[in-house]
Amino acid sequence: MTTEDAERVTDARRELRRPVESIALPFLGSRGEALQPFQYLLSDVSSGGLGVFLPSWLANRERLWAGDRIFFHVPFRFGERILNRGYVAWQRWSAEEAGQWAGATLTSGAPLPYPLYISIDDRELRVDLGHFPSSEAMAERIIHDSVLLKRGVLIYLRHLEAVFSRVSELRGEDYQVFRTQIIGDVRRRLQHNLAYLEQFDPQITPEQMRRAPVTHLIDLDELRAAMEPELSLELFELALGTETAELYLESIKKLEHRLYLNHNAYVMIYIATLDT
């Protein structure tokens, strides 16, 4: 084997590729300032934007309207630009296909948290394993980072409880109901979702203690449920309504944004490694 041949083999191993047409699993997007989550299927990509389909069988559905601000939480690369958010340009309901079709522009983006993206130029999903020994190692890193993010949300929730006890305008029975039922329910769901992710975190449960690799154990529907937000930002803003509380809620929103990105990054790795 020549040096040039060896370099080509190395490059093939360090970068996994899939055509966009092969992406048949749903991603997580979010709508509006409150980052209301929804699932979508990617139907096409181009320099003009994205086409998405929201079939009625998705577990988490949201109706989109022209003008809605959308975070797709998937890095789309166009030239040297990374884009992942935009606005709905058009939408139509298909009774025959039992779902909503929508087209969206891409207007802005953010730095990549992981070396993977969907290339608009050549309509490919690309996963660069250059800094990871394997796709499994990248998947484990995503899960570990997600554990840290969920722990961060739990910490902010505890701070919100303290703020709530001092500044809430709710009194008596209303205060007790919100504190024990609303906040308590959010805390329980957070702890449940955190425990789900922790069982796959290599720094908590090493590979030798698991039955199989992470990518063989994780159910994608269960992962989506664990990554989605536990608290309603709008409900907490209404109940608290203070500048200090809004700072905590804004911090939680940023962590949730990263969790959406992590969910989609994991799905991208899963797709890229199918039948490889």
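Residues numbered from 1 in each chain as written. Predicted model: local features only at pLDDT ≥ 70, side-chain atom pairs only at ≥ 80, totals over all residues. Heavy atoms only, no water.

Here we look at the nonpolar core
The biggest cluster of nonpolar side chains holds 70 residues, and the ones touching the most others in it are Phe-27, Leu-42, Phe-72, Phe-76, Ile-118, Val-127 and Tyr-266. No other element matches the 13 residues that helix H2 (residues 135–167) contributes to this core. Leaving out residues up to four positions away in the same chain, Phe-27 has contacts with Phe-38, Gln-39, Tyr-40, Leu-42, Val-74, Asn-264, Val-267, Met-268 and Ile-271. (Core = buried A, V, L, I, M, F, W, Y, C linked by side-chain atoms within 4.5 Å. Buried < 20%, exposed > 50% of the residue type's maximum accessible area, 1.4 Å probe, protein only. Helix = DSSP H or I, 4+ residues; strand = E, 2+ residues; numbered from the N terminus. Contact = heavy atoms within 4.5 Å.)

Concerning unusual backbone geometry
Even without glycine at this site, His-73 takes up a positive phi of about 55°. Summarising the element assignment, His-73 is placed in strand S5 (residues 69–78). The exposure class assigned to His-73 is buried, which follows from its relative accessible area of 1%. For Ala-98, which is not a glycine, the phi torsion comes out positive at approximately 50°. Note on placement: Ala-98 falls in the loop between strand S6 (81–94) and strand S7 (99–108). Taking the relative accessible area as the measure of exposure, Ala-98 reaches 29% and is therefore partly exposed.

Details of the confidence of the model for the protein chain
Averaged over all residues, the pLDDT of the protein chain is 86; the fraction at 70 or higher stands at 87%. Between the elements of the protein chain, mean pLDDT differs from a low of 45, seen in helix H1 (residues 3–14), to a high of 96, seen in helix H5 (residues 220–227). (pLDDT = per-residue confidence, 0-100.)

What about the packing of aromatic side chains?
Under the counting rule described, the total for this entry stands at six aromatic pairs. Measuring from ring centre to ring centre gives 6.0 Å for Phe-38 and Tyr-40, while their planes differ by 50°; the resulting arrangement is tilted. A ring pair is formed by Phe-53 and Trp-101, whose centres lie 4.3 Å apart and whose planes are at 25°; its orientation type is stacked. On the criterion of sequence distance, the pair formed by Phe-53 in strand S4 (residues 49–55) and Trp-101 in strand S7 is long-range, its members being 48 residues apart. Within the aromatic cluster, the residues linked to one another by ring pairs are Phe-27, Phe-38, Tyr-40 and Phe-72. Taking the ring centre of Trp-65 as reference, the NZ or CZ of Arg-63 above it sits at 4.8 Å. Positioned over the ring face of Tyr-117 is Arg-77, at 5.2 Å from the centre of the ring. (Phe/Tyr/Trp six-rings, centres within 6.5 Å; stacked < 30°, edge-to-face > 60°. Lys NZ or Arg CZ within 6 Å of the ring centre and 35° of its normal.)

Some remarks on the environment of Tyr-260
Note on placement: Tyr-260 falls in helix H7 (residues 243–272). For Tyr-260, a relative accessible area of 0% translates into the label buried. Residues Tyr-260 and Leu-35, spaced 225 residues apart in sequence, show a C-alpha to C-alpha distance of 9.8 Å.

Things to note about the layout of surface pockets
Considered as a void within the structure, the largest pocket measures approximately 160 Å³ in volume. If you go around the largest pocket, you meet 10 residues; those closest to its centre are Thr-215, His-216, Tyr-270, Thr-273 and Leu-274. Residue assignment for the lining of the largest pocket shows that the elements contributing at least two residues are H2, helix H4 (214–217) and H7. (1 Å grid on protein atoms, 1.4 Å probe; cavity = no way out; pocket = protein on both sides within 12 Å on 5 of 7 lines; lining within 4 Å. Points joined across faces, edges and corners; volume = space filled by probe spheres on them.)

Digging into the pairing of strand S9 (residues 124–128)
Along any regular strand, the residues point their side chains to alternate faces of the sheet. For S9, the tally of buried residues reaches four of five residues, placing the bulk of the element in the interior. Across five bridges, the pairing between strand S1 (residues 15–19) and S9 is antiparallel. Residue Pro-19 lies in a different strand from S9, and its bridge partner there is Glu-124. Alignment of strand S8 (residues 116–119) against S9, held across four bridges, turns out to be antiparallel. In the strand pairing of S9, Tyr-117 is matched with Arg-126. (Pairing = 2+ DSSP bridges.)

A short note on a negative patch on the surface
On the surface, Glu-234, Glu-237, Glu-243 and Glu-246 cluster together into a patch of negative charge. Looking at the negative patch, the elements that each hand over two or more residues are helix H6 (233–240) and H7. Of note, Glu-243 is situated in helix H7. (Patch = residues over 30% accessible without salt bridge, like charges linked within 9 Å, V, L, I, M, F, W, Y side chains within 5 Å. Areas by Shrake-Rupley, 256 points an atom, 1.4 Å probe, with all protein chains shown as cover. Salt bridge = Lys/Arg side-chain N within 4 Å of Asp/Glu carboxyl O. Lys, Arg positive; Asp, Glu negative; His and termini not counted. Charge placed at Lys NZ, Arg CZ, Asp CG, Glu CD.)

Concerning the pattern of salt bridges
Taken as a whole, this structure holds 13 salt bridges when the rule is applied. Measuring nitrogen to oxygen at the nearest pair gives 3.4 Å for the salt bridge that ties Arg-17 to Glu-124. Of this pair, Arg-17 sits in strand S1 while Glu-124 sits in strand S9, placing them 107 residues apart in sequence. For Arg-17, a relative accessible area of 44% corresponds to the partly exposed category. Salt bridges linked by common partners bring Glu-15, Arg-17, Asp-122, Glu-124 and Arg-126 together as one network.

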